[in-house]
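So you can see what is in the structure, the chains are spelled out below.
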Amino acid sequence: VATINPQTYTVSMMSIARDSFVPIPCYGGEYDKINSPRSTSRQAFIDTVENFIGMDIDYYMELDYLGLVAIVNAIGGILINNPVEFEMDGCVVPAGQYVANGWQVLEFCRERHAFVEGDFARQQHQKEVIMEIVKKIVTL
């Protein structure tokens, strides 16, 4: 979830763990994983997130894996700082700071098992990737 303040030109971001067990409005308030209502509808998912965080979602962006790869490749890659080398789905993501291509960025956003922090590392990497994409687009 990103909050943009147009007066101070600041952006705040927070992640919600995909395994968060929350009340789902379209399920009559029964508890389930926060991502579960997306299989019902986009609006059901948005309603669930709004209910959970206590604020309205004015805009959203939905992106699949290939969309992320295409965006990153279209802007010439983005800078990532990967703490540990890993391989996922045949794609090697080296350790270190470098300009990564779309497939490396995708796997950097998806991987959690290679990191001690698990899903928390993945959430952090996803935020970093979003910020790097925005930085790169703004500079273009």
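Structure shown above.
Residues numbered from 1 in each chain as written. Predicted model: local features only at pLDDT ≥ 70, side-chain atom pairs only at ≥ 80, totals over all residues. Heavy atoms only, no water.

### As for the pairing of strand E5 (residues 78-82)
So, step 1. Burial along E5 is one-sided: Ile78, Ile80 and Asn82 are buried, while Leu79 and Asn81, pointing the other way, are not.
So, step 2. Bridging between E5 and strand E8 (residues 96-100) involves 5 bridges; their strand directions are antiparallel. When the sheet's bridge partners are listed, asparagine 82 is paired in E8 with glycine 96. (Buried < 20%, exposed > 50% of the residue type's maximum accessible area, 1.4 Å probe, protein only. Helix = DSSP H or I, 4+ residues; strand = E, 2+ residues; numbered from the N terminus. Pairing = 2+ DSSP bridges.)

### Side note on the environment of serine 15
So, step 1. Along the chain, serine 15 turns up in the loop between strand E2 (10-13) and strand E3 (21-23).
So, step 2. Residue class for serine 15 comes out partly exposed when judged on its relative accessible area of 28%.
So, step 3. Sequence-wise, serine 15 and arginine 122 are 107 residues apart; in three dimensions their C-alpha atoms are separated by 9.9 Å.
So, step 4. Setting aside chain neighbours within four positions, we find serine 15 in contact with Gln123 and Lys127. (Contact = heavy atoms within 4.5 Å.)

### Observations regarding the packing of aromatic side chains
So, step 1. Tallying each qualifying case throughout the model produces 2 aromatic pairs.
So, step 2. With a centroid separation of 6.1 Å and an interplanar angle of 35 degrees, the aromatic rings of phenylalanine 21 and tyrosine 31 are classed as tilted. Residue phenylalanine 21 is found in strand E3, and its partner tyrosine 31 is found in strand E4 (residues 31-33); the two are separated by 10 residues along the sequence.
So, step 3. Note on phenylalanine 21: relative accessible area 57%, which makes it exposed.
So, step 4. Look at phenylalanine 86 and phenylalanine 115: their rings are 5.8 Å apart centre to centre, the planes differ by 80 degrees, and that puts the pair in the edge-to-face class. Here phenylalanine 115 lies in the loop between helix H3 (102-110) and helix H4 (119-139) and phenylalanine 86 lies in strand E6 (residues 86-88), a separation of 29 residues in the sequence. (Phe/Tyr/Trp six-rings, centres within 6.5 Å; stacked < 30°, edge-to-face > 60°.)

### Looking at the side chain of glutamate 111
So, step 1. Mapped onto the elements of the fold, glutamate 111 is located in the loop between H3 and H4.
So, step 2. Arginine 112 provides the closest opposite charge to the buried, salt-bridge-free glutamate 111, at an N-O distance of 7.0 Å.
So, step 3. Among the polar contacts listed, one links the side chain of glutamate 111 to the backbone nitrogen of alanine 114, at a separation of 2.8 Å.
So, step 4. Setting aside residues up to four positions removed in sequence, glutamate 111 forms contacts with Phe86, Met88 and Arg122. (Lys, Arg positive; Asp, Glu negative; His and termini not counted. Salt bridge = Lys/Arg side-chain N within 4 Å of Asp/Glu carboxyl O. Polar contact = N/O pair within 3.5 Å; in protein donor to acceptor, adjacent residues only side chain to side chain.)

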